[in-house]
Amino acid sequence: METRYPYPLLNPPAFRWRRPDPLPADPKVHEWIQCLDEEKASSFDWSEVDVTLLGVPLSRSSLSASGASETPDALRRAWKGFTTYNLDEEVDLTSLRVVDLGDVKQHVTDIPACHRNITEAMVAMRTHHPHALPLVMGGDHSITAMLAKGWKQAHPEERIGILQLDTHFDLRSLEDFGPTNGTPIRNLIESGTLRGEDVYNIGLHGFFNARSLKEYADQAGVHYVTLKEARKRGVNVVVREALAHLEQQVDTIYLTVDMDVLDIGVGPGAPAATPGGMRTDELFEAVRIAGTHPQVKAMDLVCLDPLRDVREATVKAGVHVMLSFLTGRIQRTTA
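Residues numbered from 1 in each chain as written. Predicted model: local features only at pLDDT ≥ 70, side-chain atom pairs only at ≥ 80, totals over all residues. Heavy atoms only, no water.

Per an unreviewed UniProt entry, the chain carries the name Agmatinase family protein and comes from Kroppenstedtia sanguinis. Quoted verbatim from the Sequence similarities (unreviewed entry) field of UniProt, the annotation for the chain is "Belongs to the arginase family." (UniProt positions renumbered as here; feature names shortened; annotations may be inferred.)

In structure tokens, the structure reads:
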């Protein structure tokens, strides 16, 4: 087995906190999450790791100017403002062992090379520690297609479904736009990685999706619920219904959270955020519910630009999304 850190396609985190030993009685998130030491990576015991964090600092494949490449380290820096205890759910995250693997190596100009590295990194994660749940810190939304392709490559016998929380369909033409943040779901469908009927998108709204994209979604069998309809029925109800349908169809559910699903007033750091989006409490509960489902085996958080943020509002919301999902991960084992 490859012994380099922790496998060749990764770099150590550019920013890391020192983890105290022992942990304090009431640790902060930055004290709890473990970062690999480059010298100890080869002898690291992966058998007890529950969740692996992976940074994907890529924004060159974004259709609009974005600093999403800065997100992994921005999230890491923000961990210091959060405790591991979720008061709302009375859950302490320290029962999970979470390891930050670092960042996928990216090329300065070669986007296809970046995308290949992302796919291969997912394959490596499934090879080196297949029992651990990957939680990926993007990066723009193009990375979702590459990560899901990596999962399929590692598990060719599995049928994969997508639970997508997003303001957009992400079904733009690959011929016109290439593998960008506007095309990941179409990329997955047209590459045969998954079926359109195995995609559930919740959060679409307003004037931000062309009619032709809706028509493509209908032709491909994509399931979607607008935010207006989800609020009528209850966002939590719609998420549970999507999971219930997917569990009957697929082996693995991949959760992708585009931070532009948030209203621009609470998510100013998402380049494509719009008026009329989700509230933070709706998003936090949606990902917590997803985290409780045993077939949700991977998650990513994408399209957050710390350079556009205001008082870290969106970065902190992003950390809260990650921690809410991990709250659900604990609750699936204690239910």
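Next, the rest of the story.
1. Description of the overall build of the chain
When you go through the chain residue by residue, the secondary structure sums to eleven helices and twelve strands. Rg of the C-alpha trace for the chain: 18 Å, near the compact-globule value of 20 Å for 335 residues, within the 12% margin. In terms of its C-alpha atoms, the chain occupies a principal-axis envelope of roughly 55 × 40 × 40 Å. When the 335 residues of the chain are sorted by exposure, 58% land in the buried category. (Helix = DSSP H or I, 4+ residues; strand = E, 2+ residues; numbered from the N terminus. Rg over C-alpha atoms; globule rule 2.2 N^0.38 Å. Buried < 20%, exposed > 50% of the residue type's maximum accessible area, 1.4 Å probe, protein only.)

2. Some remarks on the packing of aromatic side chains
If you walk through the whole model with that rule in mind, you get three aromatic pairs. Seen from their ring centres, Phe15 and Trp17 are 5.1 Å apart, and the 90° between their planes marks the pair as edge-to-face. Judged by relative accessible area, which is 18%, Phe15 ranks as buried. Ring centres 5.1 Å apart and planes at 85° place the aromatic pair Phe169 and Tyr224 in the edge-to-face group. Here the residue Phe169 occupies a position in the loop between strand S8 (160–165) and helix H5 (174–177), and Tyr224 occupies one in strand S10 (residues 223–226), the gap between them amounting to 55 residues. Judged by relative accessible area, which is 24%, Tyr224 ranks as partly exposed. (Phe/Tyr/Trp six-rings, centres within 6.5 Å; stacked < 30°, edge-to-face > 60°.)

3. Looking at the side chain of Gln331
Tracing the sequence through the fold places Gln331 in helix H11 (residues 313–334). The class for Gln331 is buried, based on a relative accessible area of 14%. Contacts of Gln331, omitting those with residues within four sequence positions, involve Glu89, Val91, Arg288 and Thr292. (Contact = heavy atoms within 4.5 Å.)

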